[in-house]
Amino acid sequence: MRIGVMTGGGDCPGLNAVIRAVVRKSIVDFGHECVGIMQGWKGLVECLTCELNLRSISGILPRGGTILGTSRTNPFSKAHYKEHAPQKILDNWQRVGLDALIAVGGDDTHAVSYELSKMGLSIVGVPKTIDNDIRGTEYTFGFDTAVHVASEAIDRVHSTAESHHRVIVVEVMGRRTGWIALYSGIAGGADVVIVPEFEVTLAEICDMIKKRHARGKSFSICVVAEGARINFGGSPEAREVTIDQSIDEFGNVRLGGIGQRLAREIERELKFETRFTVLGHVQRGGTPTAFDRVLGTRFGIKAAELVHKRQFGRMVALQNNEIVSIPFSETIGTPKYVTEEWYDVARTFFG
Ligand code: F6P
């Protein structure tokens, strides 16, 4: 078989571990051939390919990012490609001589894989995202590394917040879900954690900080997910904070700025000196943790096995620490949200 390997959507640490495992398993154990599809779905629409053999995967395990490149290209977006992009994919599939594709990506990538599967293409999905929000899998690789980076940053701002008697707001990634904020907030001992799933008001946040200061503490750490909704007052409903009106190539709004806004409002309301820091893409870069390397490797091997057995239209997943696979239809749509039970763990330490 000639197997295409593609990485789509935002990059994350551990993608190279998947590529390495897929190539190694497919070539050495099954005698197949691999070809790299570059820059996500853009690579299939525009026929951008590269060699993918044992030489190309040498030394990539500890490297962040993806050797194949990525993009947020949506071939079904009429705004971007007009109608013919899916047809171009079908044409290039023949041209490259693909028998199967392993598409590594997040919810956007799997939604496209699902549509293309319905059109007859043989695709296996591998879930990735630092947000850890893909339904059907307990973890995605990239998340552990992001949490590690964010927790370390929270530890660091702790000491400076304490020295200066300040409130410090740390904005972390998390578009629709607050897993990174939750985990890094718990691990870093945050005093307030705000996630998209649970709306809060500015007054509630300020009350928690006041309560803490009333206990004699002179500093506070507040972790906020970029997609969190805070009701700052003045409008009936809380809204996301966006950088501007722009959307990315896939059609997602560009979030960012909630940390800055929150810091300003806390200072105005409480008269406590407040600073903010935005961790941004630092969370997505660099070498993957051992956990992410191992998970990526296990996912890659399972994906190669599914292709070998011709079990297409499925995404590999982690359930009860076993690597399983589920149909695409079960992974797309609603994200895996932070539950009340999980949020309660963080809440125990609020204020
Ligand atoms: O989907 C992962 C993610 O890191 C989100 O947490 C974040 O909102 C988004 O990607 C940022 O995307 P970009 O790299 O395109 O700015």
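Note that the coordinates shown come from a computational prediction; the quantities given were computed from them, not determined experimentally. (Residues numbered from 1 in each chain as written. Predicted model: local features only at pLDDT ≥ 70, side-chain atom pairs only at ≥ 80, totals over all residues. Heavy atoms only, no water.)

Enquirer: Just to check I follow, could you spell out empty space enclosed by the protein for this structure?
Expert: Take a probe with the size of a water molecule and roll it over the atoms, and the empty space left behind shows itself. Inspection of every chain in the model, using the stated rule, returns one cavity of 30 Å³ or more. Its boundaries defined by the atoms lining it, the largest cavity holds a volume of some 40 Å³. Taken together, Gly 8, Gly 9, Trp 41, Ser 71, Arg 72, Thr 73, Asp 108, Thr 109 and Phe 250 make up the lining of the largest cavity. Looking at the lining of the largest cavity residue by residue, the class counts come to two nonpolar, five polar and two charged. (1 Å grid on protein atoms, 1.4 Å probe; cavity = no way out; pocket = protein on both sides within 12 Å on 5 of 7 lines; lining within 4 Å. Points joined across faces, edges and corners; volume = space filled by probe spheres on them. Nonpolar A, V, L, I, M, F, W, Y, C, P; charged D, E, K, R; others polar.)

Enquirer: Just checking my understanding: could you explain the sheet that holds strand β9 (residues 220–225) for this structure?
Expert: Two strands in a sheet stick together by hydrogen bonds in their backbones, pointing the same way (parallel) or opposite ways (antiparallel). Taken in spatial order, the four strands line up as β7-β9-β6-β13 in an open sheet, and their pairing is parallel. Each end of this open sheet is capped by a strand with a single partner; those strands are β7 (192–194) and β13 (274–278). Sheet twist, expressed as the average angle between the axes of neighbouring strands with direction ignored, equals 15 degrees. Pairing of strand β6 (residues 167–172) with β13, which is carried by five bridges, proceeds in the parallel orientation. Directly across from Val 169, in β13, lies its bridge partner Phe 276. Running over the sheet, helix α6 (residues 143–164) touches β6, β9 and β13 and is turned about 165 degrees from β6. (Pairing = 2+ DSSP bridges. Helix = DSSP H or I, 4+ residues; strand = E, 2+ residues; numbered from the N terminus. Axes fitted to C-alpha atoms, helices over the stretch in contact; angles between N-to-C directions. Contact = heavy atoms within 4.5 Å.)

Enquirer: For this particular structure, what's the right way to read the side chain of Asp 133?
Expert: Considering the arrangement of structural elements, one finds Asp 133 in the loop between β5 (123–127) and α6. The class for Asp 133 is buried, based on a relative accessible area of 3%. For Asp 133, the residues in contact, after removing those within four places along its chain, are Arg 176, Thr 177, Trp 179, Pro 335 and Lys 336. (Buried < 20%, exposed > 50% of the residue type's maximum accessible area, 1.4 Å probe, protein only.)

Enquirer: I tried to follow the sheet that holds β5 on my own but got confused; where do I start?
Expert: Taken in spatial order, the seven strands of this open sheet run β3-β2-β1-β4-β5-β14-β15, and their pairing is mixed. Edge positions in the open sheet fall to β3 (49–52) and β15 (322–327), since each of these has one partner strand only. When the angles between neighbouring strand axes are averaged without regard to direction, this sheet yields 30 degrees. By the bridge criterion, five bridges tie strand β1 (residues 2–7) to strand β2 (residues 33–37) in an arrangement that is parallel. By the bridge assignment, Arg 2 is partnered in β2 with Glu 33.

Enquirer: Quick question: what am I supposed to make of helix α7 (residues 179–188) here?
Expert: Every α-helical turn comprises 3.6 residues, leaving residues that sit three or four positions apart pointing alike. With eight of ten residues buried, α7 is to be regarded as a mostly interior element. Turning to α7, its buried residues number three or more, namely Trp 179, Ile 180, Ala 181, Leu 182, Tyr 183, Ser 184, Gly 185 and Gly 188. Where α7 is buried, its residues meet α6, β6, β7, β9 and α11 (340–347). Among the residues trailing α7, Gly 189 stands out with phi positive, at a value near 70 degrees.

Enquirer: I keep staring at the domain arrangement of the protein chain and nothing clicks. Help me out?
Expert: Frequently, the measure chosen for interface size is the accessible area removed from exposure when the parts meet. Segmenting the protein chain into domains produces domain 1 (2–141 + 288–330) and domain 2 (147–284). Relative to domain 2, the C-alpha centre of domain 1 lies at a distance of 33 Å. On the domain 2 side, the residues contacting the 18 residues of domain 1 number 15 residues. At the boundary of domain 1 with domain 2, total buried surface from both sides reaches about 1600 Å², with 47% on carbon and sulfur atoms. Together, Arg 72, Ile 130 and Asp 131 form the three largest contributors to the area buried by domain 1 at its contact with domain 2, with a combined 38%. Counting across the domain 1 and domain 2 interface gives four salt bridges. For the pair domain 1 and domain 2, the interface holds seven residue pairs in polar contact (both at pLDDT 80 or more). For the side of domain 1 that touches domain 2, the element with the highest residue contribution is helix α5 (residues 107–118), accounting for three residues. (Domains from an automatic or database assignment. Buried area = accessible area lost by both parts, 1.4 Å probe. Salt bridge = Lys/Arg side-chain N within 4 Å of Asp/Glu carboxyl O. Polar contact = N/O pair within 3.5 Å; in protein donor to acceptor, adjacent residues only side chain to side chain.)

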